[in-house]
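Structure assessment
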Amino acid sequence: MKHTHIIILDDAPVIREGLKSILDSLRNVHEVTTVSTFDELTHLLKHKDYQMVLINPHYLHSHQNQLQQLRSQHSNIKWIGVQYTVFPEELIGKLDGMVDVFDNQDTLFAKLNKWLDDNPNETSQNKESLTARETDVLRLLAMGKSNKEIADELKISTNTVITHRKNISQKTGIKSVSGLTIYAVTQNLISLDDY
Amino acid sequence: MKSKNDVHPDSKLAEIIINHPYIILMLEHFEISLPVQDLSISQICEKYSINKALFIAFTNLYCNKKGIPPLKLTADDALTITRFLATSHRYYSEQIYPEITQLIEQMSLQNNHREMKLVSVFFADYFKEVTAHFDYENQIFHPYVDCLVARDKGTAHKENYMDYSVSQYQDHHDDIEIKLTDLKNLLIKYLPVHNDQLIRRKLLFLLSEVEFDLNIHSKIEELILIPLAIELENKNKVVGK
């Protein structure tokens, strides 16, 4: 599994350290660094490769030009806003995505993994193949189980099941359950007896 | 500035068809048959009593041009559109889906992989779903549009549809292209080939044709007919509704 370096930029220590302690338990995250000023962020980005920056959207307002410059210099970094109040649409539209401070751990992980996996430099082969978890979800889906039943069986949240389903459809190009069932048979993930 | 490729009232229809053969489908849905001689769009529209602006908007969709310009449409245009859509439904249900069903059956005979049985069931289920979708439009939504047109013209209509509205249709209107795209992906990427290359190619061409037409069909419904029906609904609100 590839390792990921993440920076959290927020001036509130509770948000910074709270997010860090949650992200530290994410399996494929190697290192989470927290900073409280934009200058510190700029400095870090100069010296090491990072895959994601979680940022308080108010910096988009106060450091508009600097941010634009950083984004063009580090085009492979995903910029994700941390939402804890309402920000104008035109501001958050500049980012790659948003997480909400009220997101539970599963939702947060599912969102972050989606952005981390969504790497244009990866080969199409990697993009096509399903992860072990996605294969589990697909197998149960093809056996006719609902999102809730799949969530219970795999001990994950329904939202995570939905995220896995989106990724499966994106990778295979197949959206309907009946189409995915045929796909599962072609890949020998289920036998016709299960169907 | 007008570009050479723009469709305008003086454009010769035959020239457009040469470069965009799927326009033939559009003509069939308008119940216009070939040959079209040297007729321009204006002349064809006059001959078949079709609003030129509407005809050009549809032609642009079939020429893969994105976007629909703001159209000033009337109640009569609503009837032209529902007739066009109803004719398209017959093309799907009576021509192309039965052809696809037949090709899948032939493919199953050639290719004895166990997945082929599932493909037959998959398409049969899709055909049933899509037939229900078309029946709903033919029997409920299109007659409702006829009723809106009658209200607009102040003429009588056999039904009054007091309890129905466009918003109910919008709630009911689901995406019928998903499974076709799924089937294309299965045939192109995953289903093992066994003596069926030729049939598979024919099947993929048919699926691409119907997918292309359905995509435009949905755009016509969502971007042209629904806004027009809402406009007619608002203009002639029935008192007490």
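Rules used throughout
Residues numbered from 1 in each chain as written. Chains lettered and ligands numbered in written order. Predicted model: local features only at pLDDT ≥ 70, side-chain atom pairs only at ≥ 80, totals over all residues. Heavy atoms only, no water. Helix = DSSP H or I, 4+ residues; strand = E, 2+ residues; numbered from the N terminus. Contact = heavy atoms within 4.5 Å. Areas by Shrake-Rupley, 256 points an atom, 1.4 Å probe, with all protein chains shown as cover. Buried < 20%, exposed > 50% of the residue type's maximum accessible area, 1.4 Å probe, protein only. pLDDT = per-residue confidence, 0-100. Axes fitted to C-alpha atoms, helices over the stretch in contact; angles between N-to-C directions. Parallel < 35°, antiparallel > 145°, perpendicular 65-115°, else oblique. Nonpolar A, V, L, I, M, F, W, Y, C, P; charged D, E, K, R; others polar. Phe/Tyr/Trp six-rings, centres within 6.5 Å; stacked < 30°, edge-to-face > 60°. Pairing = 2+ DSSP bridges. Arc of directions from axis to C-beta.

Summing up its helical and strand segments, chain A has 11 helices and 5 strands in all. Residue pairs at least 24 apart in sequence account for 63% of intrachain contacts in chain A once pairs closer than 6 positions are excluded. Summed over all atoms, the accessible surface of chain A reaches about 10,300 Å², with 49% contributed by carbon and sulfur.

This next bit is on the overall build of chain B. Looking only at helices and strands, one finds 9 helices and 0 strands in chain B. In sequence order, chain B lays out its α and β elements as α-α-α-α-α-α-α-α-α. Every one of the 241 residues in chain B was classed for burial, and the buried ones make up 47%. Considering only contacts in chain B between residues 6 or more positions apart, those separated by 24 or more positions represent 75%. When the accessible surface of chain B is split by element, carbon and sulfur atoms take 53% of a total near 12,600 Å².

Turning next to the confidence of the model for chain B. All names here are of chain B. Mean pLDDT over chain B stands at 90; residues scoring 70 or higher make up 96%. Within chain B, the element-level pLDDT minimum falls on helix H7 (residues 166-172), averaging 86, and the maximum on helix H2 (residues 23-29), averaging 97. For this predicted complex, the interface confidence reaches an ipTM of 0.83, while the overall pTM sits at 0.67.

With that out of the way, let us pick up the packing of helix H8 (residues 132-142) of chain A against helix H10 (residues 158-172) of chain A. Residues and elements named next belong to chain A. In contact at an axis separation of 9 Å, H8 and H10 are set at 95° when each is read in the N-to-C sense. Accordingly, the angle class assigned to the pair H8 and H10 is roughly perpendicular. In this structure, H8 uses Arg133, Glu134, Val137, Leu138 and Leu141 to contact H10, whose residues at the interface are Val161, His164, Arg165, Asn167, Ile168 and Lys171. Looking at side-chain class alone, the contact of H8 with H10 contains 5 nonpolar, 2 polar and 4 charged residues.

Another point: the packing of aromatic side chains. All chains considered together, the criterion is met by 19 aromatic pairs over all chains. Between A:Tyr183 and B:Tyr190, the aromatic rings sit 4.6 Å apart at their centres with planes inclined by 75°, giving edge-to-face as the arrangement. In this pair, A:Tyr183 is assigned in helix H11 (residues 177-186) and B:Tyr190 in helix H8 (residues 178-190), connecting two distinct chains. Following the ring pairs from residue to residue traces out a cluster consisting of B:Tyr91, B:Tyr92, B:Tyr97, B:Phe123, B:Tyr126, B:Phe127 and B:Phe134.

Let us now look at the pairing of strand S4 (residues 78-83) of chain A. Residues and elements named next belong to chain A. Buried residues dominate S4, accounting for 6 of its 6 residues. Residues Lys78, Ile80 and Val82 of S4 are buried on one face, and the alternating residues Trp79, Gly81 and Gln83, pointing to the opposite face, are buried as well. Pairing of strand S3 (residues 52-55) with S4 involves 4 bridges; the strand directions are parallel. Following the sheet pairing, Leu54 is matched in S4 by Ile80.

All names here are of chain A. Pairing is parallel across the open sheet formed by 5 strands, whose spatial order is S2-S1-S3-S4-S5. Of all strands in the sheet, those with a lone pairing partner are strand S2 (29-35) and strand S5 (97-100), marking the two edges. Neighbour to neighbour, the strand axes of the sheet diverge by 25° on average, direction disregarded. Across the sheet, helix H1 (residues 13-23) lies against strand S1 (4-9), S2, S3 and S4, angled at about 175° from S2, the strand it touches most.

Residue and element names in this part refer to chain A. Among all positions in helix H9 (residues 147-154), only Ile150, Ala151 and Leu154 are buried. One face of H9 carries all of its buried residues, which in axial projection span an arc of 100°. Residues of H9 that are buried make contact with H8 and H10. Where H9 ends, the next residue or the one after it, Lys155, has phi of about 55°, a positive value.

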